[in-house]
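Examination of the molecular architecture
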2 protein chains.
Amino acid sequence: MPINNSTHIANYDSALRALGDNLKRIRRQFSISQEQLAERCGLHRTYVGAVERGERNPSLTSLLRLSHGLGIPLSELVYGVDQ
Amino acid sequence: MPINNSTHIANYDSALRALGDNLKRIRRQFSISQEQLAERCGLHRTYVGAVERGERNPSLTSLLRLSHGLGIPLSELVYGVDQ
DNA sequence: CTGTGACTCATAGTCCGTT
DNA sequence: CAACGGACTATGAGTCACA
C-alpha cells in the first residue's frame, strides 16, 4: 500500500464498516430490499450486500449511484449524518 | 419514496471532472504542490495528478485520504461546497 | 512542478449458484 | 430476503521513466 507518513492514516476499515451500517440503516428506512436498491442504482444485488457488510471499498461512481438511488447526499452515506 | 430512474444515472464522468477541479482549486488555496498533497495523503504524486485531471475514479478510502490530507469534508471535494 | 503512457497487481463489480 | 461462495472480467491502486 501507500507510503504512510505515520500521522492520521488509520481507520479506513472502520469507515467502510460505517458506510455499510449507514447504507443498511437508510435502505431499511425506505423499506426496500437489497435487490430493489441494487436495481435502482444500476449495481448488482450481491455487490450491494457486500458493501453493507463493509467488505467492499466502492469507487466514487458507485457511491454516487447509491446516494442517487436513495435520494440522499453522499455525506449521509459516509458519515451517517447530513452534514 | 424517492425517485429514481435512468435520468440521473448518467453523468459520472462529469462528477469525476468536478472532483478533479475541486481538488485542484482547494489544493491551490492551500498553496501546496501535488507532490506535497500526495505526501500528506499517503498517495503517489502521479496518482493525485490523475485524479485532478478527472482520469481516475477513486475509491472511498482514496477519497478519505484526500479529504483528511486537506482537512476538509468529503462533500467539499465531491460537490465543491460544504453542504 | 506537473502530465503522460505504460505497466503490474489487487480488487471492484457481475453473474451463476447454495444455504 | 439476505449471506455467502466460486469464477470471471473490468477497472482501480500504485509506480516509474520521461517529457
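Here is what the cut-offs are and how they apply
Residues numbered from 1 in each chain as written. Chains lettered and ligands numbered in written order. Predicted model: local features only at pLDDT ≥ 70, side-chain atom pairs only at ≥ 80, totals over all residues. Heavy atoms only, no water. Near = heavy atom within 4 Å. Polar contact = N/O pair within 3.5 Å; in protein donor to acceptor, adjacent residues only side chain to side chain. Helix = DSSP H or I, 4+ residues; strand = E, 2+ residues; numbered from the N terminus. Nonpolar A, V, L, I, M, F, W, Y, C, P; charged D, E, K, R; others polar. Buried < 20%, exposed > 50% of the residue type's maximum accessible area, 1.4 Å probe, protein only. Contact = heavy atoms within 4.5 Å. Axes fitted to C-alpha atoms, helices over the stretch in contact; angles between N-to-C directions. Parallel < 35°, antiparallel > 145°, perpendicular 65-115°, else oblique. Left-handed = near helix turned anticlockwise from the far one by under 90°. UniProt positions renumbered as here; feature names shortened; annotations may be inferred.

**Comments concerning the protein's contact with DNA strand D**
The local shell around DNA strand D holds 21 residues, among which Arg27, Gln34 and Arg53 of chain A together with Tyr47 and Ser59 of chain B are the closest. Expressed as a percentage, the sugar and phosphate content of the atoms of DNA strand D within 4 Å of the protein is 67%. Contact distances for DNA strand D include 3.0 Å between a base oxygen and a side-chain N or O atom of Arg56 of chain B. Put simply, the parts of the chain that give the surface near DNA strand D at least two residues each are α1 (12-29), α2 (34-41) and α3 (45-52) of chain A together with α3 (45-52) of chain B. By residue number, the principal contributor to the surface near DNA strand D is α3 of chain B, which donates 3 residues. The class makeup of the residues in the surface near DNA strand D is 5 nonpolar, 8 polar and 8 charged.

**Some remarks on the side chain of Arg27 of chain A**
All names here are of chain A. Here Arg27 lies in helix α1. Since its relative accessible area comes to 7%, Arg27 is described here as buried. Setting aside its immediate chain neighbours within four residues, Arg27 contacts Ile32, Ser33, Gln34, Leu37, Glu52 and Leu70.

**So, the packing of α2 of chain A against helix α4 (residues 60-70) of chain A**
Helix packing for two helices is described by the angle between their axes and how far apart those axes are. Residue and element names in this part refer to chain A. With their axes 8 Å apart at the nearest point, α2 and α4 run at an angle of 110° to one another. With respect to α4, the axis of α2 lies roughly perpendicular. Note on element contacts: α4 touches α2 through Arg65, Leu66, Gly69 and Leu70, opposite Leu37, Arg40 and Cys41. The residue inventory of the contact of α2 with α4, partitioned by class, reads 4 nonpolar, 1 polar and 2 charged.

**Let's talk about the packing of α4 of chain A against helix α1 (residues 12-29) of chain B**
In contact at an axis separation of 10 Å, α4 of chain A and α1 of chain B are set at 115° when each is read in the N-to-C sense. Crossing hand, α4 of chain A versus α1 of chain B: right-handed. Seen from α4 of chain A, the contacting residues are Leu60, Thr61, Leu64, Arg65 and His68 of chain A; seen from α1 of chain B, they are Tyr12, Ala15, Leu16 and Leu19 of chain B. Here the contact of α4 of chain A with α1 of chain B is composed, by residue class, of 6 nonpolar, 2 polar and 1 charged.

**A few points about the protein's contact with DNA strand C**
Around DNA strand C there are 23 residues in total, and Tyr47, Arg56, Ser59 and Ser62 of chain A together with Gln34 of chain B lie nearest to it. Within 4 Å of the protein, the contacting atoms of DNA strand C are 63% sugar and phosphate, with bases supplying the remainder. A distance of 2.8 Å is found between a phosphate oxygen of DNA strand C and a backbone nitrogen or oxygen belonging to His44 of chain A. Only α3 of chain A together with α1, α2 (34-41) and α3 of chain B provide two or more residues apiece to the surface near DNA strand C.

**Brief notes about the UniProt feature "domain: HTH cro/C1-type" (unreviewed entry) in chain A**
In this numbering, the UniProt entry assigns the feature "domain: HTH cro/C1-type" (unreviewed entry) to residues 23-77 of chain A. When the span residues 23-77 of chain A is considered, its composition is 69% helix and 0% strand, and the gap between its end C-alpha atoms is 6 Å.

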